[in-house]
Amino acid sequence: MNQTILILDFGGQYKELIARRVRECKVYSVVKPGDISVDEIKKISPIGIILTGGPNSVYEEDSPHIDKAVLEMGIPVLGICYGTQLLAYTMGGKVEPCSVSEYGKTDMSVDTASLLYSGLDKCQVGLMSHTDQITKLPCGFKSIAHTDNCPNASIENKKLKMYGMQFHPEVESTPNGTKFIKNFLYNVCGATGDYNLKDLEARLIEDIRAQVGNGQILLALSGGVDSSVCAALLSKAVPGQLHCVFVDHGLMRKDEGDEVEAAFSNKNLHFIRVNAKNRFLGALNGVTDPEQKRKIIGAEFIKVFEEESNKLPDIKFLAQGTIYPDVIESGGSKAATIKSHHNVGGLPENMKFEGLVEPLRGLFKDEVRALGRQLGLSRAYVDRQPFPGPGLGVRIMGTIDSEKIEILQNADAIFREEIKNHRIKADQYFAVLTNTRSVGVVGDFRTYDYTVALRAVKTSDFMTCEYVPIPHKVLGAVSTRIVNEVKGVGRIVYDITGKPPATIEWC
Ligand code: XMP
């Protein structure tokens, strides 16, 4: 059995990101609700406990709290943001609103004599996002980091093996955050690094088998990285029980429907292609609201799957390649909804399937890719850029029709070809058909055509991104080709926004 870190959820957006950082440090972790009992914790037998952040204030009565007995179990504890305030508050300290709230990357001075910061420089940067702070430390605790406005940016009680960070070590904006977490795991909890990708695969397979038993599964295969890795994993876990349905909603990239069919129809699995373009376009007719489009596409998908499942014998489960960023951004009971990813937010409540199988739900894109390579999928395949389930439906602003789809498919194909030709490094890149038309002149004639926006981003987890500074020469060449070769496009713009504040897709 692997050593385990228990992550207790207090409603923060980043709990799975913390789990992922722990995995990166080669330690297994499980995420459980913050009100877990001492008995349940004993069963898990963790080597350490991490308390996540959360949007509340500990001094408010209906905020999530922790049973003090959990902290008294003698297991090392690390609090993060709200988790730190909770730790200090529960141990007898005082938490109050900040006179100056801190947001964003903040310079800190850390105590390198502490086990948490050993081997690191005194000057560090942490991503802060808090309106409360610890104003009185509990007995036996001391401050091990401070910023200009926060005297207790990190706290420790070495004897009780209790630590806290007011900032977020799990996000990329805290450059040495993973090292801080690693120090907690190895220096404080005594981790040995006994967890790797093989263990992850074995656990996922074990969970799939436990969930589905002998049941037949229908997998929503889009041909994208996530659903393809999901197909490989499921066919390894429960061979012979898997039926892959590829719904061609007519919103694929240029020629992609045929490419997916070619890639999967020769494989050793039951592959079914359903051509449903007219049906999707009918359902989307006249719809302009992005959330409504996503919900319609998601609901239509499920209807098609249900229909297909009725044609197959005894389908019990619907499988999807949902990954963690899809889940977190679709919102939950505590986190805010950014957008309803079609494979999460669009599911109807009275689905006819007995259950949903989403083995990649806790993983991030790069982990899914690594798993795909381990499962034997070719590098060229798993390293492809992601493509969202609702396809070009989230890249056409305003109403969607066949003509707009064709314009976007052609513009997008040119952009992708030029990015490849010029060897531009980007993790995701595509064209968007805006709903804006503008006046132009071609020959002696006035035109009034669409504006296409180009987007290329760098990111490792797709939760945040930066735009790629594509050289103007390349952008110019793409622009010239698109306006010359694609009828209906009169203007090209390049999107130079990061995430946040924008998202990667436009809808
Ligand atoms: P956003 O636009 O939320 O995108 O910044 C983050 C990543 O998720 C992809 N994406 C989706 N993937 N179903 C998916 O399978 C969806 O509904 C969906 N919406 C966005 C997006 O392409 C990017 O990689």
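Every value quoted in this text rests on a predicted model; they were computed, and no experiment measured them. (Residues numbered from 1 in each chain as written. Predicted model: local features only at pLDDT ≥ 70, side-chain atom pairs only at ≥ 80, totals over all residues. Heavy atoms only, no water.)

Participant: How should helix H4 (residues 82-90) be read in this particular structure?
Facilitator: Helical periodicity: at 3.6 residues per turn, an α-helix aligns residues three or four positions apart in one direction. Across the 9 residues of H4, 8 count as buried, placing the element largely inside the fold. All of the buried residues along H4 are Tyr-82, Gly-83, Thr-84, Gln-85, Leu-86, Leu-87, Ala-88 and Thr-90. After H4 finishes, the residue Gly-92 shows a positive phi value of roughly 105°. (Buried < 20%, exposed > 50% of the residue type's maximum accessible area, 1.4 Å probe, protein only. Helix = DSSP H or I, 4+ residues; strand = E, 2+ residues; numbered from the N terminus.)

Participant: Would you explain the nonpolar core in this entry?
Facilitator: What tends to happen in soluble globular proteins is that the nonpolar side chains get buried as a cluster. Core analysis: the largest hydrophobic core is formed by 117 residues, its most contacted members being Leu-454 and Ile-470. With 8 residues, helix H7 (residues 225-237) is the largest single contributor of residues to this core. If sequence neighbours within four positions are ignored, Ile-470 has contacts with Phe-415, Ile-419, Ile-424, Ala-456, Leu-475 and Tyr-494. Counting residues in hydrophobic clusters, the runner-up holds 32 residues, among them Ile-7, Cys-25, Val-110 and Ile-144. (Core = buried A, V, L, I, M, F, W, Y, C linked by side-chain atoms within 4.5 Å. Contact = heavy atoms within 4.5 Å.)

Participant: Before we go on, may I ask you to explain the sheet that holds strand S14 (residues 355-357) in this structure?
Facilitator: Strand-to-strand pairing in sheets goes through backbone hydrogen bonds, with the strands running parallel or antiparallel. Ordered in space as S12-S11-S10-S13-S14, the 5 strands form an open sheet in which the pairing is parallel. At either end of the open sheet lies a strand with only one pairing partner, and these are strand S12 (270-275) and S14. Taken over all neighbouring pairs, the strand axes of this sheet differ in orientation by 30° on average, direction set aside. Helix H8 (residues 256-265) contacts strand S11 (242-248) and S12 of the sheet and is inclined by roughly 165° relative to S12. (Pairing = 2+ DSSP bridges. Axes fitted to C-alpha atoms, helices over the stretch in contact; angles between N-to-C directions.)

Participant: It is not clear to me how the sheet that holds strand S2 (residues 28-33) should be interpreted in this structure. Could you clarify?
Facilitator: Spatially, S2-S1-S3-S4-S9-S8-S7-S5-S6 is the arrangement adopted by the 9 strands of the open sheet, whose pairing is mixed. On the outer flanks of this sheet lie S2 and strand S6 (123-136), each paired with one strand and no other. Looking at each pair of strands side by side, their axes are set apart by 20° on average, direction ignored. Direction of pairing for strand S4 (residues 77-80) relative to strand S9 (residues 162-165): parallel, over a ladder of 4 bridges. Bridge pairing links Ile-80 to Met-165 in S9.

Participant: What's the story with the packing of aromatic side chains in this structure? I'm lost.
Facilitator: Geometrically, a pair of aromatic rings is defined through the distance of the ring centres and the angle of the planes. Scanning the model with the defined rule gives 10 aromatic pairs in all. Between the aromatic rings of Phe-10 and Tyr-82, the centroid separation amounts to 6.2 Å while the plane-to-plane angle is 45°, which identifies the pairing as tilted. Within this pair, whereas Phe-10 is found in the loop between strand S1 (4-9) and helix H1 (15-24), its partner Tyr-82 is found in helix H4, the two being separated by 72 residues in sequence. With 6.2 Å between their ring centres and 25° between their planes, Phe-246 and Phe-271 make a pair best called stacked. On the criterion of sequence distance, the pair formed by Phe-246 in strand S11 and Phe-271 in strand S12 is long-range, its members being 25 residues apart. Its relative accessible area of 0% is what places Phe-246 among the buried residues. Three or more aromatic residues joined by ring pairs make a cluster, and in this case those are Tyr-117, Phe-167 and Phe-180. (Phe/Tyr/Trp six-rings, centres within 6.5 Å; stacked < 30°, edge-to-face > 60°.)

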